[in-house]
Amino acid sequence: MRSIRFLPIVFWLPLHVAALCYFPDRKTVPNQDTPCSTEGNSTCCGQGFACMSNNICKLTKYVKNPGPAQDYLRGSCTDPTWKDPNCPSFCASAVDGDKMDGGMGLRKCEGSDLDAYFCLNTETEGMSNSEVCSNSDLFITFQGEKPQ
Ligand SMILES: *[C@@H]1O[C@H](CO)[C@@H](O)[C@H](O)[C@H]1NC(C)=O
């Protein structure tokens, strides 16, 4: 019976190491997110996702069983307060209906000259790409990415 008692400790250790990233609710720790950078605070993305320089996590072919996952996600952050500028500054607003205890899907604005994305939250739910992407209150663009 003794070995059974010791088992939980074996599994607890890796979880503790992974507890470097937090969702915006400041307490939920994603199971498998990894910091994009080891310097200072950093955005964290899930296994198989690519870290983009604008702090979006991008789906790659290395994601096992992506299911209905979006191509772009707002992941987690090593700063539990989410105040650090290296945390994602988008899709983390409870008022807009963003999920605070998990990742958030984003969609890219199609047919636009802007490199723009929008959060798949209660605000944009049921709206078409062009409806959202013609309303600058609803999409985000990133510094350094020039519109034409
Ligand atoms: C992360 O951010 C928090 C709060 O914004 C700060 O207190 C902490 O020192 C930062 N950590 C690193 C490693 O920069």
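Use the structure listed above.
First, a word on what this report is: a plain description of the structure on this page. Here the structure is a predicted model, which means the values were calculated and not measured. Residue positions within a chain follow its written sequence, with the count starting from 1. Local features are withheld for residues below a pLDDT of 70 in this predicted model, meaning they are given only at 70 or higher, and side-chain atom pairs are given and counted only at 80 or more; totals for whole chains, interfaces and linings count all residues. Hydrogens and waters are ignored; side-chain quantities use all the structure's heavy atoms.

1. Observations concerning the state of the cysteines
Note on terminology: a disulfide is the covalent bond linking the sulfur atoms of two cysteines. Two cysteine sulfurs form a disulfide in these notes if their separation is within 2.5 Å. Enumeration according to the criterion identifies six disulfides in this entry. For Cys-45, the disulfide goes to Cys-57, at an S-S distance of 2.0 Å. The sign of the -85° torsion about the S-S bond sets the Cys-45-Cys-57 disulfide as left-handed. Remark: Cys-57 occurs in strand 4 (residues 57-58) and Cys-45 occurs in strand 2 (residues 43-45); sequence separation between them is 12 residues. Taken individually, Cys-45 and Cys-57 each receive the classification buried, so the pair is uniform in this respect. Helix numbers and strand numbers start at the N terminus; a helix is a DSSP run of H or I with at least 4 residues, a strand a run of E with at least 2. We call a residue buried when its accessible area falls under 20% of the maximum for its residue type, exposed when it is over 50%, and partly exposed in between, using a 1.4 Å probe and counting protein chains only.

2. Quick word on the side chain of Ser-76
Within the fold, Ser-76 resides in strand 6 (residues 76-77). Two N or O atoms form a polar contact when they lie within 3.5 Å of each other; inside protein one atom must be a possible hydrogen donor and the other a possible acceptor, and for residues adjacent in sequence the pair counts only when both atoms belong to side chains. A distance of 2.6 Å separates a polar atom in the side chain of Ser-76 from a polar atom in the side chain of Asp-33. Beyond its immediate chain neighbours, meaning those up to four positions away, Ser-76 contacts Cys-21, Tyr-22, Phe-23, Pro-30, Asp-33, Ser-42, Thr-43, Cys-44, Trp-82 and Pro-88. By definition in these notes, contact holds between two residues if any of their heavy atoms fall within 4.5 Å.

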